[in-house]
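Coordinates in review
These are the residues of each chain, in order.
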Amino acid sequence: MSEAIKNETTEMAVASGYSAIANMDFLAEAMNDDCAGLDFKFDRIKIPSGGMTAFEVPSEDGEGSDLVKEIEAVILYSHPANSYYTEAYKGGSNPPDCGSFDGITGTGTPGGICKNCPFNQFGSGEGKSKACKNRRMLYLLRENEIFPLTLNLPTGSLKGFTKYVQTLLARGKRPNQVVTKISLRKAASASGIDFSQAVFKVVRSLDAAEQKNIDAMADQMKDYASGLTTAAMVEDNPFVDAETGEIIEPLK
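Reading the values: the criteria
Residues numbered from 1 in each chain as written. Predicted model: local features only at pLDDT ≥ 70, side-chain atom pairs only at ≥ 80, totals over all residues. Heavy atoms only, no water. Buried < 20%, exposed > 50% of the residue type's maximum accessible area, 1.4 Å probe, protein only. Helix = DSSP H or I, 4+ residues; strand = E, 2+ residues; numbered from the N terminus. Pairing = 2+ DSSP bridges. Contact = heavy atoms within 4.5 Å. Axes fitted to C-alpha atoms, helices over the stretch in contact; angles between N-to-C directions. Core = buried A, V, L, I, M, F, W, Y, C linked by side-chain atoms within 4.5 Å. Phe/Tyr/Trp six-rings, centres within 6.5 Å; stacked < 30°, edge-to-face > 60°. Lys NZ or Arg CZ within 6 Å of the ring centre and 35° of its normal. Salt bridge = Lys/Arg side-chain N within 4 Å of Asp/Glu carboxyl O. Expected span 1.5 Å × (residues − 1).

1. Notes on the pairing of strand S10 (residues 149-153)
- Counting buried positions over the five residues of S10 gives five, a clear majority of the element.
- Neither face of S10 is open: one carries Leu-149, Leu-151 and Leu-153, the other Thr-150 and Asn-152, and all of them are buried.
- In this structure, strand S1 (residues 44-45) lies alongside S10, joined through two bridges in parallel fashion. In the strand pairing of S10, Arg-44 is matched with Thr-150.
- Two strands pair when backbone bridges link them, and strand S9 (residues 136-142) and S10 are joined in this way by five bridges, in the antiparallel orientation. Directly across from Met-137, in S10, lies its bridge partner Asn-152.
- Where S9 folds back onto S10 in an antiparallel hairpin, the turn is made up of six residues, including Asn-144, whose phi is positive at roughly 65 degrees.

2. Section: the sheet that holds S1
- With respect to topology, six strands assemble into an open sheet ordered S1-S10-S9-S4-S11-S12, the strand pairing being mixed. Single-partner strands in this sheet number two, and they are S1 and strand S12 (194-205).
- Sheet strands in contact with helix H4 (residues 208-226) are strand S4 (70-80), S9 and S12, and its direction is about 45 degrees off that of S4.

3. Re the nonpolar core
- By size, the foremost hydrophobic cluster in this structure holds 22 residues, and its most contacted members are Ile-45, Phe-55, Leu-138, Leu-140, Leu-151, Leu-153 and Phe-200.
- Every element with two or more residues in this core is listed here: strand S2 (55-58), S4, S9, S10, helix H3 (155-170), strand S11 (178-188) and S12.
- With five residues, the top contributor of residues to this core is H3.
- Setting aside anything within four residues of it in sequence, one finds Leu-140 in contact with Ile-45, Ala-73, Val-74, Ile-75, Pro-148, Leu-149, Leu-151 and Ile-182.
- Among the nonpolar cores identified, the runner-up in size contains 16 residues, and Phe-101, Ile-214, Met-217 and Leu-228 belong to it.

4. Considerations on the packing of aromatic side chains
- Inspection of every chain in the model, using the stated rule, returns six aromatic pairs.
- Measuring from ring centre to ring centre gives 4.9 Å for Phe-42 and Tyr-224, while their planes differ by 65 degrees; the resulting arrangement is edge-to-face. Here Phe-42, found in the loop between helix H2 (24-34) and S1, pairs with Tyr-224, found in helix H4; they are 182 residues apart in sequence, far enough to count as distant.
- Classification of Tyr-224 as partly exposed rests on a relative accessible area of 22%.
- A centroid spacing of 4.3 Å and a plane angle of 20 degrees characterise the contact between Tyr-84 and Phe-119, whose relative ring orientation is stacked. You can see Tyr-84 sitting in strand S5 (residues 82-84) and its partner Phe-119 sitting in the loop between strand S8 (112-113) and S9, a full 35 residues away along the chain.
- Every member of this aromatic cluster is reached through a ring pair, and the members are Phe-42, Tyr-77, Tyr-139 and Tyr-224.
- A cation over a ring is seen here: Lys-130 above Phe-122, with NZ or CZ 4.8 Å from the ring centre.

5. Topic: the pattern of salt bridges
- Counting across every chain of the model gives four salt bridges.
- Linking Lys-186 and Asp-194 is a salt bridge whose minimum nitrogen-to-oxygen distance equals 3.5 Å.
- With relative accessibility at 53%, the residue Lys-186 sits in the exposed group.

6. Observations regarding H3
- Helix length check: H3 (16 residues) gives 24 Å between terminal C-alpha atoms against 22 Å at 1.5 Å per residue, within 8%.
- Within H3 the residues assigned to the buried category are Gly-156, Ser-157, Leu-158, Phe-161, Tyr-164, Val-165 and Leu-168.

Below is the structure:
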């Protein structure tokens, strides 16, 4: 095979990576028609407790989950997902007393400006932690899929994600302009509690055709996130933030 044919074949393979979202009209119609009246929510990827290094990803049949060591996807959009409970979680599907999806203004009790809130200061929770749990919601689109998955990053993974985004920006890239590989490594908190920490790495940049489709999808995710309320921070079977011991309530 000549070098020219090899290059053309490679370029075609790369360009087709996110071709599944090329028809944005289909997606919009599906959201409006097929999902109308349904309690629609994006499937969630879960980070396990105890320092395990495999994600829990919904299986294709929707009846269970598979353990996956690595996830390759485009980070369409991300935003803060802060939540504060006046009393310790006692079970049931209860939204937080106060929540924020922009990290700036909290809605509920006490509400107000997040940076000035006494519950958003270190030492206000157990040990040196915050009473308000600061997390970040990521909307991930995997290759050849139409609907994104959500990943709720706990406190222990925020520093690594921040560094990753800063590195991309320094190279003139945004998270939704590259394919990212996300894996887990075992880490320990200051109090010696093992937890799973997300690690981010660039796989490749998107080409122009892919980027056009991804930009349209990212806009849809921004619109979706703008309509979230604290009621969206509820799950029937919440799981535990292994770093802080606090209950994590993933967004719907």
